Amino acid sequence: MKRTHGSGTLRPEHQDESVVLQGWVHRRRDLGGLIFLELRDRTGRCQAVVEPEAKDAFSAAEDVRAEWIVELHGTVRVRPEGQRSSEPTGGIEVRVNRLEVLSRAEPPAIPVAAADEQEVSEDLRMRYRYLDLRNPDRLQALDVRHRVIKTIYDVLDEEGFIHVETPLLTLSTPEGARDYVVPSRNTPGHFYALPQSPQLFKQLLMMAGTERYFQIARCFRDEDLRADRQPDFTQLDLEMSFVDENDVLTLNERLMARVVHAAVGSDIATPFPRIGYRDAMDRYGSDKPDIRFALELETWNDVFAGTEFRGFSAALNDGGSVKALLVPASYAEGLSRKALDELEAHAKVHGAKAMAWLRREGDALKGPIAKFLERETADITARVEDGGLVLLIADRWNTACEALGAVRLALRDRLDLIADKRELAFAWVTDFPLLEWDDDNGDWTYMHHPFTQPRADELDRLETDPGSVHAVAYDLVLNGFEVGGGSLRIHDLETQRRMFDALGFSREDAQARFGFFLDALKFGAPPHGGIAWGLDRLVMILAGATSLRDVIAFPKNVRGGDPLTGAPSPIADTQLDELGLAVTAEPPEVQS
Ligand code: ASP
């Protein structure tokens, strides 16, 4: 390598050393007699000065523009007192004696390391992602990602795992989304599916005797995109044989502690709190609770048992709940009538029909429904501090929990309740129901996937009372995001068959879709379980980024498109012919 140093690594102790630097011209200032170049590479930036005495270098520097790539030869000089800056390299400059242009460049299509990024639309940033990535903060996010993945390899290797790749062209793996499909040329009319997860393969690996498997696995799910989703994404997928739930959780805690340390240098406390699903919903109104702040929900069914207020009695008579969120006086002061209306609107977006509020003033309650609650006033004022507020939602239990949980998070943001923005609050959510009722299809459906083990002591209710059976399943939650999920698995044919029955699959359907897997179970399976982490989301939080797109080198936009390459795109008629396909849909209007 010709390059002797990284631009960002030079310090006063390099005084008088001859150096060769290669990198991008971050900025060029021509002071008439002197030309200053700020040179940038992956390690950082430093100032170089070209004096007219270095004739060739000086005339070359006169042509140079920002973002040209150059090679500089020169000597390190300690800057005189008064000319130093606070940059890491602010104590030195490089006095250039030779300058070679390695690549000329047109002015960048988007500002590189723009001070105000809001000015550049995200699609434009993606279209020119290779320029966008020149911003050191963005490169930093990729560095965190690398560190996370490297640590995963190191730790899991120490723990006796091996990395195994599973196929990308495969058969559908149910994880509750649509498949991306790839047509087969050799068997026209047949399609591969891209994996939604390597779930069945990792279970087959356990049956094969691998015992401890992991994979940094690319997965594909065709879902309506949201800000925190990408159609192709990366999981840490792992599976272990001969383990119980606690073994999987503690292994993950050890791994996560090392990953966090490597990524951000801080130590996290283990074990993580474990919260049952029912409890998480009841207290936080979410199965991915943000436990960094209190404001826990309460259940006020007892306060309103026998109430004459129709809005609440109707919900209670239908078996629903009245959930309450107490806002202490110190915060309540700042919540105007308008703010409360906005919070109610937010609750409605999350499924509630209404949200009521009551403000305690001495022995009295104020609020639109206060006059209907004379009977309950004493009971309520005993629970709400003077000047405080209570927000109330009466509905089906899960609707009331979820809607008030959403209000809790809105209050977190509105009142800025997270004191330490770098805090990492991990928790496990456990004891999920095995199945949930799907109103749309009028049938039971799986909450995780159909291979999750029902709790042994509840298995006898699978046919008679499926909704009451719990799964040995767990989600890993961080700051209100789900960053992982897994379970112990069914490992005997009989239970797997019963599970498919409970899900309403006919024996023929189950055989047609999963025959290969049911066959494998016939040949014996060790007890096993595992988890998958959403690696993009974890890295996003660790890198302090606000979008998944910031931690993926070449992300897709919210419409699932790639503005850089233009994918997805039509294919040539000859390709369609080869595949035996005809396109019948009209192409959509191109959105810019
Ligand atoms: N396959 C599951 C998922 O992708 C994770 C697991 O159960 O291990 O969510």
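This one's a predicted model, so the numbers in the text were calculated from it and none came from an experiment. (Residues numbered from 1 in each chain as written. Predicted model: local features only at pLDDT ≥ 70, side-chain atom pairs only at ≥ 80, totals over all residues. Heavy atoms only, no water.)

## What about the overall build of the protein chain?
When helices and strands are counted, the protein chain shows 17 helices and 22 strands. Looking at the 592 residues of the protein chain, the share that counts as buried comes to 49%. Summed over all atoms, the accessible surface of the protein chain reaches about 29100 Å², with 49% contributed by carbon and sulfur. Taking the average place of the 70 positive charges on the side chains of the protein chain and the average place of its 99 negative ones, the gap between the two points comes to 4 Å. (Helix = DSSP H or I, 4+ residues; strand = E, 2+ residues; numbered from the N terminus. Buried < 20%, exposed > 50% of the residue type's maximum accessible area, 1.4 Å probe, protein only. Areas by Shrake-Rupley, 256 points an atom, 1.4 Å probe, with all protein chains shown as cover. Lys, Arg positive; Asp, Glu negative; His and termini not counted. Charge placed at Lys NZ, Arg CZ, Asp CG, Glu CD.)

## With respect to the environment of T495
For T495, the location among the structural elements is in helix α14 (residues 493-502). With 42 residues separating them along the chain, T495 and Q453 place their C-alpha atoms 8.5 Å apart. When residues no more than four places from it in sequence are discounted, the contact partners of T495 are P454, L459 and I490. One polar contact links T495 to D492, side chain to side chain, over a distance of 2.7 Å. (Contact = heavy atoms within 4.5 Å. Polar contact = N/O pair within 3.5 Å; in protein donor to acceptor, adjacent residues only side chain to side chain.)

## Let's talk about the site of the ligand
As a structural note, the neighbourhood of the ligand is formed by 13 residues, with E175, Q199, K202, H449 and R489 the closest of them. Interatomic distance of 3.3 Å between a side-chain N/O atom of S197 and a nitrogen atom of the ligand. In the model, a nitrogen atom of the ligand is placed 2.7 Å from a nitrogen or oxygen of the Q199 side chain. Notes on the ligand: free accessible area 270 Å², of which the protein chains cover 89%. When contributions to the shell around the ligand are tallied by element, the ones reaching two or more residues are α5 (199-207), β21 (481-488) and β22 (528-534). Residues of the shell around the ligand, tallied by class, amount to 2 nonpolar, 7 polar and 4 charged. (Near = heavy atom within 4 Å. Nonpolar A, V, L, I, M, F, W, Y, C, P; charged D, E, K, R; others polar.)

## Some thoughts on the layout of surface pockets
In this model, the second largest pocket occupies a volume close to 1600 Å³. G566, A567, P568, S569 and P570 are, among the 37 residues lining the second largest pocket, the residues nearest its centre. (1 Å grid on protein atoms, 1.4 Å probe; cavity = no way out; pocket = protein on both sides within 12 Å on 5 of 7 lines; lining within 4 Å. Points joined across faces, edges and corners; volume = space filled by probe spheres on them.)

## Quick look at helix α16 (residues 535-542)
Most of α16 sits inside the fold, with 8 of its 8 residues counted as buried. Among the residues making up α16, those that are buried are L535, D536, R537, L538, V539, M540, I541 and L542. Looking one or two places after α16, you find G544, whose phi comes out positive at around 70 degrees.

## Remarks on the packing of helix α11 (residues 337-349) against helix α13 (residues 397-414)
At a minimum axis distance of 8 Å, the contact between α11 and α13 shows a crossing angle of 135 degrees. Classified by the interaxial angle, the pair formed by α11 and α13 is oblique. When the axes of α11 and α13 are compared, the crossing they make is right-handed. In this structure, α11 contributes A339, E342, L343, H346 and A347 to the contact, and α13 contributes A403, A406, V407, A410, L411 and R414. Of the residues belonging to the contact of α11 with α13, the class tally is 8 nonpolar, 1 polar and 2 charged. (Axes fitted to C-alpha atoms, helices over the stretch in contact; angles between N-to-C directions. Parallel < 35°, antiparallel > 145°, perpendicular 65-115°, else oblique. Left-handed = near helix turned anticlockwise from the far one by under 90°.)

## Looking at the side chain of T377
On the secondary structure map, T377 appears in helix α12 (residues 377-383). T377 gets classed as buried once you look at its relative accessible area, which sits at 16%. Here the side chain of T377 touches L373 through a polar contact of 2.9 Å, landing on its backbone oxygen. Beyond its immediate sequence surroundings of up to four residues, T377 is in contact with D363 and L365.

## Some remarks on the environment of D56
Following the sequence through the fold, D56 ends up in helix α1 (residues 55-63). What makes D56 exposed here is its relative accessible area of 65%.

## Brief notes about α5
In terms of burial, α5 is largely enclosed, as 7 of its 9 residues are buried. Buried residues of α5: Q199, L200, K202, Q203, L205, M206 and M207, and no others. Residues of α5 that are buried in the fold lie against β9 (212-220), β10 (232-241), α15 (507-522) and β22. Positive backbone phi, at 95 degrees, marks G209, one or two positions downstream of α5.

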